[in-house]
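Examining the three-dimensional arrangement
In case you want the letters, here they are:
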Amino acid sequence: MTATTTPVRVPARAWAVWLVGLLAYAVAIFHRSSLGVAGVEAQDRFSAGASAISLFLVLQLAVYASLQVPVGVALDRFGSRKVIVAGAVTMAAGQLVLALATDVPTAVAARVLVGAGDAMTFICVLRLVPLWFPGRTVPLITQLTGIFGQVGQIVAAYPLVALLHTVSWTPTFLGAAAVGVLVGVLVLVALQDTPPGTQLAPPASLAEVRRNLAATWAEPGTRIGLATHLVTQFSGTVFALLWGYPFLTTGQGLSAGTAATLLSLLVVVGMGIGPLVGRLCARWPLRRSNLVFGILGATAVMWTVVLLWPGRAPLWLLVVLVIVLGTNGPGSMIGFDFARTWNPAERSGSASGVVNVGGFIASLSSVLAIGFVLDALTPGSSTDYSLDAFRAAFSVQYVFWALGLLGVIRHRRQLRARMARDGVVLAPLTTAVTARLRRTPVASRSRQEA
């Protein structure tokens, strides 16, 4: 006789708290993307070339990545609510400075503030999920957080651009600053760190913070999360944030409208595939690394086909590439699931911060490396890059894929060795799939690993 379990009902308050946090994250994505969609207007306003505008993005990502671990430590100490409010106010200040800026240094300072506030948001929202939702639903809600947060990018791409063309630069970015303040007030009023009655460990002393951070880094579950985030996230991020559009238009000869549609498709695919990835992680918690390998393999194969295609790639092939890149964001969320299941609750913030560094360091490095190769292969100061230059430039991705893959393999071995010492030995994947179809157990699930 097969035992049945009654699904745990999620209280309405949990959904309300999550929606407030999700709104804060979506607005952070809006702030992050706002300058990218106003690139042409920014060049005119600041009398700056494309390289200077690219510097805004590089510095913003650098600040975001460098603050992940400090923000994670602050999150463990102060909780999600306070840190999200601080992030919202910091991003609002950045947009205010950008609205009034008339020169490049001031605009750079504004984007540094936006990057700092952005760094305070995502992992804080993720920390709410395991505290408010039952365990089996956590991977799915985590995926939904990453997916629906991308609505902010769509808002930046359409309403903000329309407003910019209607009322000019300063009122548009003053409005963006006002949105940030409103979200901060909403979080302050409506968001609660934990359900009523939840007891968390008291704030750690500085000595305990150092010990916790060292323990977080020493945990192979944190490291496989970082490697997972690195190897799955950067390719789609670099394509969406900076180099995809010129690759599609200048390199592949697509019209601006077609290129914009493909970039929108990337976001839509991510929103569609994320729930599936979350459900697979919940259903196969011991096999999450296989999803990572699948997403990595599909991404590397599609890029290889596109880069080796003689001449310009046909539109159908570029569509397939974009669809595969749409899986990168959901794939990177698996890294946070590793960190969550292998670290205690009092270290969840710092663990998520460490994981989040991986993809953004790889993205930042890729943005710089691709730009360097393009400039090196293009004579003079021209931005009319050839298809061969793009092929060489995008080939730098293989270096980061190799580094991330080695990290995932190494730390998966460490985790499985630990499981074996605990008496949990995973059957081959084919055996596990057959057993799942027949509804027969194949391994103990005392821990959720790879």
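What you see is a predicted model, and the numbers here were worked out from it, not measured in a lab.

What counts, and at which threshold
Residues numbered from 1 in each chain as written. Predicted model: local features only at pLDDT ≥ 70, side-chain atom pairs only at ≥ 80, totals over all residues. Heavy atoms only, no water. Helix = DSSP H or I, 4+ residues; strand = E, 2+ residues; numbered from the N terminus. Buried < 20%, exposed > 50% of the residue type's maximum accessible area, 1.4 Å probe, protein only. Areas by Shrake-Rupley, 256 points an atom, 1.4 Å probe, with all protein chains shown as cover. pLDDT = per-residue confidence, 0-100. Contact = heavy atoms within 4.5 Å. Phe/Tyr/Trp six-rings, centres within 6.5 Å; stacked < 30°, edge-to-face > 60°. Salt bridge = Lys/Arg side-chain N within 4 Å of Asp/Glu carboxyl O. 1 Å grid on protein atoms, 1.4 Å probe; cavity = no way out; pocket = protein on both sides within 12 Å on 5 of 7 lines; lining within 4 Å. Points joined across faces, edges and corners; volume = space filled by probe spheres on them. Nonpolar A, V, L, I, M, F, W, Y, C, P; charged D, E, K, R; others polar. Expected span 1.5 Å × (residues − 1). Arc of directions from axis to C-beta. Axes fitted to C-alpha atoms, helices over the stretch in contact; angles between N-to-C directions. Parallel < 35°, antiparallel > 145°, perpendicular 65-115°, else oblique. Left-handed = near helix turned anticlockwise from the far one by under 90°. Patch = residues over 30% accessible without salt bridge, like charges linked within 9 Å, V, L, I, M, F, W, Y side chains within 5 Å. Polar contact = N/O pair within 3.5 Å; in protein donor to acceptor, adjacent residues only side chain to side chain.

Here the focus is the overall build of the protein chain. A tally of regular secondary structure across the protein chain gives 20 helices and 0 strands. Scored against the burial criterion, the 450 residues of the protein chain give a buried share of 52%. Carbon together with sulfur atoms contributes 67% to the accessible area of the protein chain, which is approximately 19,200 Å² in total.

Turning to the confidence of the model for the protein chain, a few remarks are in order. Averaged over every residue, the pLDDT of the protein chain is 84; the share at 70 or more is 87%. Ranking the helices and strands of the protein chain by mean pLDDT puts helix 15 (residues 315–325) first, with 96, and helix 20 (residues 429–438) last, with 62. Counting contacts from residues 1–5, a segment whose pLDDT is below 50, to residues more than four positions away or on other chains yields 0 contacts. Contacts from residues 443–449, a stretch scored under 50 in pLDDT, to residues over four places away or in other chains number 30 contacts.

What the rule picks out here adds up to 19 aromatic pairs. Consider the rings of Phe 46 and Trp 169, whose centres lie 5.5 Å apart with planes at 90 degrees: the pair is edge-to-face. Here the residue Phe 46 occupies a position in helix 2 (residues 39–46), and Trp 169 occupies one in helix 10 (residues 169–190), the gap between them amounting to 123 residues. Taking the relative accessible area as the measure of exposure, Phe 46 reaches 6% and is therefore buried.

Another aspect to go through is the pattern of salt bridges. Applying the stated criterion across every chain, the model contains 6 salt bridges. We note a salt bridge from Arg 32 to Asp 118, for which the minimum N-O separation is 2.6 Å. Highlighted residues: Arg 32 in helix 1 (residues 12–37) and Asp 118 in helix 6 (residues 104–119), separated in sequence by 86 residues. The class of Arg 32 is buried, set by a relative accessible area of 15%. Residue classification places Asp 118 among the buried positions, given a relative accessible area of 2%. Measuring nitrogen to oxygen at the nearest pair gives 3.2 Å for the salt bridge that ties Arg 418 to Glu 219. Taken together, the residues Arg 418 in helix 19 (residues 397–421) and Glu 219 in the loop between helix 11 (206–218) and helix 12 (220–251) connect sequence positions 199 residues apart.

Right, let's talk about empty space enclosed by the protein for a bit. Gaps left between atoms show up when a probe the size of a water molecule is rolled over them. Here the structure, examined in full by the defined rule, presents 4 cavities of 30 Å³ or more. Put simply, the largest cavity is a space of about 540 Å³. Gly 146, Gln 150, Gln 233, Thr 237 and Gly 329 are, among the 31 residues lining the largest cavity, the residues nearest its centre. Partitioned by chemical class, the residues of the lining of the largest cavity number 15 nonpolar, 15 polar and 1 charged.

Here helix 10 spans 32 Å end to end across 22 residues, near enough to the 32 Å set by a 1.5 Å rise per residue. Every buried residue of helix 10 is accounted for by Trp 169, Thr 172, Phe 173, Ala 176, Ala 177, Gly 180, Val 183, Gly 184 and Val 187. Taken end-on, helix 10 shows its buried residues confined to a sector of 140 degrees, consistent with a single buried face. Projecting away from the buried face of helix 10 at angles above 90 degrees are the exposed residues Leu 182 and Val 189.

Attention now goes to the packing of helix 16 (residues 328–342) against helix 17 (residues 348–376). Helix-helix packing: each pair is described by the crossing angle between the helix axes and the interaxial distance. At a closest axis distance of 9 Å, the pairing of helix 16 and helix 17 adopts a crossing angle of 150 degrees. What the angle tells us is that helix 16 and helix 17 run roughly antiparallel. Read as a crossing pair, helix 16 and helix 17 show a hand that is right-handed. Residues Gly 335, Phe 336 and Ala 339 of helix 16 touch helix 17, and the partners they reach there are Ala 351, Ser 352, Val 355 and Asn 356. A class-by-class count of the residues in the contact of helix 16 with helix 17 yields 4 nonpolar, 3 polar and no charged.

Another aspect to go through is the environment of Leu 226. Structurally, Leu 226 is set in helix 12. Spatially, the C-alpha atom of Leu 226 lies 8.4 Å from that of Ala 339, the residues being 113 residues apart in sequence. Discounting residues that sit within four places of it in the chain, Leu 226 has contacts with Trp 217, Val 354, Val 355 and Gly 358.

Okay, a nonpolar patch on the surface next. A grouping of Val 181, Val 185, Leu 188 and Val 189 is seen on the molecular surface, where their side chains present a nonpolar patch of about 370 Å² in accessible area. By the secondary structure assignment, Val 185 is in helix 10. What makes Val 185 partly exposed here is its relative accessible area of 45%.

A few words on the packing of helix 5 (residues 80–100) against helix 10. At a closest axis distance of 8 Å, the pairing of helix 5 and helix 10 adopts a crossing angle of 170 degrees. Taken as axis vectors, helix 5 and helix 10 run roughly antiparallel relative to one another. Of the residues in helix 10, those in contact with Arg 81, Ile 84, Val 85, Ala 88, Ala 92, Gln 95, Leu 96, Leu 98, Ala 99 and Leu 100 of helix 5 are Trp 169, Thr 170, Phe 173, Leu 174, Ala 176, Ala 177, Gly 180, Val 181, Gly 184, Val 187 and Leu 188. A class-by-class count of the residues in the contact of helix 5 with helix 10 yields 16 nonpolar, 4 polar and 1 charged.

Here Thr 222 lies in helix 12. Accessibility expressed as a relative area gives 0% for Thr 222, which makes it buried. One polar contact links the side chain of Thr 222 to the main-chain carbonyl oxygen of Thr 216, over a distance of 2.9 Å. Apart from residues no more than four positions distant in its own chain, Thr 222 is found in contact with Thr 216, Asn 343, Ala 351, Val 354 and Val 355.

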